[in-house]
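Topology and contacts: notes
Chain by chain, the residues:
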Amino acid sequence: MISHTFIGVNDFDRALCFYRALFSVLGVAERFCDFERPWAGWQSNPGPRPLFLIGRPYNQQEHQPGNGQMIALLASSREMVDQAYASAIAAGGTDEGKPGPRPGYHPHYYGAYFRDTEGNKLCVACHTASN
C-alpha cells in the first residue's frame, strides 16, 4: 500500500542521529545517506518498499511539523517497543505517551508515542500478544 514516507527536517545532522538510533533498535537497514542534498533513507526487509526518508523539504522552505499527522512504525515485540522508545528519548525525542498496552485499539496493541528532534510525531507499535 505505501511506497515511501518522507519526513521533513530542518537540522539534518541531529535528525539523522535520532533516526539512525531508532532504526538500529528496530532492525531496519539504512539504504543511503546523501549529505549534499541532504537526505537519508531506510529500507524495509524484505525490500525494496516501503522506504522511510528524512531530509530538507524539496522546496527548501522550513519544515513545519503537522497537527494530526503521525507515522507508526512496526515492532516485532513489546520489548522492542520499550527499547525504541528509550532510544528515541535518549536521542533527543520528546514523550507523547510512554510504552504500554492500549486495549482500546485492540486486545494485543502495545505502543509508545514520541516526537522526533524536529517535532514530527511517531509511534512504535507491536500487535501481537505479550512476549
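Presented here is an overview of the structure given in this document. (Residues numbered from 1 in each chain as written. Predicted model: local features only at pLDDT ≥ 70, side-chain atom pairs only at ≥ 80, totals over all residues. Heavy atoms only, no water.)

A separate point is the pairing of strand S2 (residues 29-34). The pairing of S2 with strand S3 (residues 39-43) spans five bridges and is classified as antiparallel. The residue bridging Glu30 from the neighbouring strand is Trp42, located in S3. (Pairing = 2+ DSSP bridges. Helix = DSSP H or I, 4+ residues; strand = E, 2+ residues; numbered from the N terminus.)

At a closest axis distance of 9 Å, the pairing of helix H1 (residues 12-26) and helix H2 (residues 78-90) adopts a crossing angle of 165°. In this view, H1 runs roughly antiparallel relative to H2, as classed from their interaxial angle. In terms of crossing hand, the pair formed by H1 and H2 is right-handed. On H2, the residues touching Phe18, Ala21, Leu22, Val25 and Leu26 of H1 are Met80, Gln83, Ala84, Ser87 and Ala88. In the contact of H1 with H2, the residues fall into eight nonpolar, two polar and no charged. (Axes fitted to C-alpha atoms, helices over the stretch in contact; angles between N-to-C directions. Parallel < 35°, antiparallel > 145°, perpendicular 65-115°, else oblique. Left-handed = near helix turned anticlockwise from the far one by under 90°. Contact = heavy atoms within 4.5 Å. Nonpolar A, V, L, I, M, F, W, Y, C, P; charged D, E, K, R; others polar.)

A word on the nonpolar core. Membership of the largest hydrophobic core comes to 27 residues, with the highest contact counts inside it found for Tyr19, Leu22, Leu26, Ile54 and Val124. Breaking this core down by element, the ones donating at least two residues are H1, S3, strand S4 (51-55), H2, strand S7 (110-115) and strand S8 (121-126). Once you skip the residues sitting within four places of it in the chain, Leu26 turns out to touch Leu73, Leu74, Ala75, Met80, Ala84 and Val124. (Core = buried A, V, L, I, M, F, W, Y, C linked by side-chain atoms within 4.5 Å. Buried < 20%, exposed > 50% of the residue type's maximum accessible area, 1.4 Å probe, protein only.)

A separate point is the side chain of Arg78. The topology assignment puts Arg78 in helix H2. Among buried charged residues, Arg78 stands out as having no salt bridge; its nearest opposite-charge side chain is Asp82, 8.4 Å away. (Lys, Arg positive; Asp, Glu negative; His and termini not counted. Salt bridge = Lys/Arg side-chain N within 4 Å of Asp/Glu carboxyl O.)

Taken as a whole, this structure holds five salt bridges when the rule is applied. The partner of Glu30 in a salt bridge is Arg20, with the nearest N and O atoms 2.7 Å apart. With Glu30 in strand S2 and Arg20 in helix H1, the pair connects residues that are ten residues apart, well separated along the chain. For Glu30, a relative accessible area of 33% corresponds to the partly exposed category. Assessed through its relative accessible area of 37%, Arg20 is described here as partly exposed.

Read these as layout, nothing more, since geometry by itself doesn't imply function.
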